[in-house]
Amino acid sequence: MPNISNRAQHMPPSPVRKLVPYALKAKQQGIKVYHLNIGQPDIETPETALNALKNIDLKVLEYALSEGNIEYRKALTEYYHTLGFSDLTPNNFIVTNGGSEALNFAISTLCDDGDEVIIPEPYYANYNGFTSTFNVNVVAVPSTIDTGFALPPIEEFEKKITEKTRAIVICNPGNPTGYLYTREELQQLAEIALKYDIVVISDEVYREYVYDGKQQISMLDFPELSENCIIIDSESKRYSMCGVRIGCMLTRSKKIHDAAMLFAQARLSPVLLGQIAATAAHQNDGAYIRAVREEYTHRRNVLVDLLNAIPGVICPKPRGAFYCVAELPVDDTEKFAQWLLEKYSLNKETIMVAPAGGFYSDPELGKKQVRIAYVLKEEDLKRSAEILKEALKKYREEFSL
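This one's a predicted model, so the numbers in the text were calculated from it and none came from an experiment.

Calculation rules
Residues numbered from 1 in each chain as written. Predicted model: local features only at pLDDT ≥ 70, side-chain atom pairs only at ≥ 80, totals over all residues. Heavy atoms only, no water. Helix = DSSP H or I, 4+ residues; strand = E, 2+ residues; numbered from the N terminus. Buried < 20%, exposed > 50% of the residue type's maximum accessible area, 1.4 Å probe, protein only. Contact = heavy atoms within 4.5 Å. Areas by Shrake-Rupley, 256 points an atom, 1.4 Å probe, with all protein chains shown as cover. Lys, Arg positive; Asp, Glu negative; His and termini not counted. Charge placed at Lys NZ, Arg CZ, Asp CG, Glu CD. Phe/Tyr/Trp six-rings, centres within 6.5 Å; stacked < 30°, edge-to-face > 60°. Lys NZ or Arg CZ within 6 Å of the ring centre and 35° of its normal. Polar contact = N/O pair within 3.5 Å; in protein donor to acceptor, adjacent residues only side chain to side chain. Core = buried A, V, L, I, M, F, W, Y, C linked by side-chain atoms within 4.5 Å. Domains from an automatic or database assignment. Pairing = 2+ DSSP bridges. Axes fitted to C-alpha atoms, helices over the stretch in contact; angles between N-to-C directions. Patch = residues over 30% accessible without salt bridge, like charges linked within 9 Å, V, L, I, M, F, W, Y side chains within 5 Å. Salt bridge = Lys/Arg side-chain N within 4 Å of Asp/Glu carboxyl O.

Caption draft 1: Focus on the overall build of the protein. Scanning the protein from N- to C-terminus turns up 13 helices and 12 strands. C-alpha atoms of the protein, sized along the principal axes, occupy 60 × 60 × 55 Å. Relative to its 401 residues, the protein shows a buried fraction of 56%. In the protein, 76% of the contacts between residues at least 6 apart in sequence involve partners at least 24 apart. Entry remark: accessible area of the protein is about 17,700 Å², with carbon and sulfur atoms responsible for 50%. Placing the 44 positive and 53 negative side-chain charges of the protein at their respective mean positions leaves the two points 5 Å apart.

What follows is the structure, encoded as structure tokens:
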């Protein structure tokens, strides 16, 4: 038998996807599963993007440019100009195969084996995968549910900085918590990045979906970080087109950009068809974004209110993205999530949630928490909350909690 690399053996499993075999088995047994575990919206992709794919008039589906085709990078530039960043040009962007590749480029550009990135937790679980791929260590700074997962005190970040620290990674608004960072919190991060000459990698893929009249503040709003900031962006959640696999890495730093381009050239090119769809989606998208934001606001209100009405459940109301983290009155949400799929159904229906332990560097911190994505329509969210309420009763009885 061939040897498997240490890198592969230490690659962490996805907390979002590792329960999929149990869900598939439940479905084979005739049970309907409501998927609250994954950020795959049921919102329709913009018609402009779908039509662009249907009406492609190309004789050859050729390689795209390694940095991304100019038509799409111009569309990105115009989009960022509408956000107020008029200094940006197409040369600030490297188009990637989803935001995931953009994060890979950022980490591989900044870090060598054994280097460190600091991340407030809980954090997007795949950050573990990206860093593990490059033998980079995550140094976590815990946030807590009682503050709604606000940025931990900046002193806690400073305590973690060493000679191996290369970056601070944030997601704003956040996955899995939906927390929206304030300008004051981001200013603190900018100051500490400059003080220690490290980079802030700001994952802003949920930028459009913020609620309650709030506005997302980008790290681009801090021009003093021109050499110390990378923005990660993606079209997946903005336009409900996860399957096109198009995102970008954006920086004002020519040094960082030129280094990252070497990785972009090594992987040849981003997806051509995805760029065509994404370019079209950016055309006259205002009404689409407003309608989707309104829908997510309603879904959030419905779900979070129902969750907090369940005895023993604690769920802060998120200000952005389309996730929430809820604390449940159980002993172990990993065990509970599997039990939901293997042992429980209510009138042949059950739910699938993502245990939150996988969103922490120390799984014990999330042992009683789950991430729930409110990407389903209202009636499905209401039914899911009903199933959860009854399941918690049954589980607590069965295990004498």
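And the narrative resumes.
Caption draft 2: Inspection of the packing of aromatic side chains at higher detail. The final tally for this structure, using the stated rule, is 17 aromatic pairs. A ring pair is formed by Trp339 and Tyr395, whose centres lie 5.1 Å apart and whose planes are at 75°; its orientation type is edge-to-face. Remark: Tyr395 occurs in helix 13 (residues 378-398) and Trp339 occurs in helix 12 (residues 333-342); sequence separation between them is 56 residues. Given a relative accessible area of 0%, Tyr395 falls into the buried group. The rings of Tyr206, Tyr209, Tyr296, Phe322 and Tyr323 are connected pair by pair, giving a single aromatic cluster. The side chain of Lys335 reaches across the aromatic face of Phe399, ending 4.1 Å from its centre.

Caption draft 3: Geometry of the side chain of Arg300. Here Arg300 shows up in helix 11 (residues 286-308). Only 2.8 Å separates the side chain of Arg300 from the side chain of Asp212, close enough to count as a polar contact. In contact with Arg300, not counting residues within four places along its chain, are Tyr211, Asp212, Asp305, Lys317, Pro318, Arg319 and Tyr374.

Caption draft 4: Region of the structure containing the nonpolar core. Ile201, Met219, Leu307 and Phe336 are the most contacted members of the largest nonpolar core, which has 123 residues in total. In terms of residues, this core owes the most to one element, helix 11, which gives 7 residues. Counting contributing residues per domain, this core is built from domain 1 (6-44 + 287-399) and domain 2 (61-284), each supplying no fewer than three. Apart from the residues within four sequence positions on either side, Met219 is in contact with Ile170, Leu186, Ala190, Val200, Ser202, Glu204, Leu225, Cys229 and Ile231. In terms of nonpolar packing, the next biggest core, distinct from the first, is built from 8 residues, Ala125, Ile145, Phe149 and Val325 among them.

Caption draft 5: Quick look at unusual backbone geometry. Put simply, Asn172 and Pro173 share a cis peptide bond, and its omega is -5°. Omega for the bond connecting Asn175 with Pro176 falls within 30 degrees of zero, at 25°, which places this linkage in the cis form. Within the secondary structure layout, Pro176 lies in the loop between strand 5 (165-171) and helix 8 (183-196). The phi dihedral of Asp212 falls on the positive side, at around 60°, and the residue is not glycine.

Caption draft 6: Highlighting the sheet that holds strand 11 (residues 354-355). Across the sheet, which stays open at both edges, the 3 strands sit in the order 9-12-11 with antiparallel pairing between neighbours. With partners counted over all chains shown, the strands left at the sheet margins are strand 9 (323-327) and strand 11, one partner each. Sheet analysis places strand 11 next to strand 12 (residues 369-373), joined by 2 bridges and oriented antiparallel. Along strand 12, the bridge assignment pairs Ala354 with Arg371. Strand contacts of helix 11: strand 9 and strand 12, with the helix running at about 0° to strand 9, the strand carrying the most contacts.

Caption draft 7: Local environment of a nonpolar patch on the surface. On the surface, a nonpolar cluster with roughly 400 Å² of combined accessible area is contributed by Leu53, Leu58, Leu61, Val271 and Leu273. Checked against the element boundaries, Leu53 lands in helix 3 (residues 47-54).

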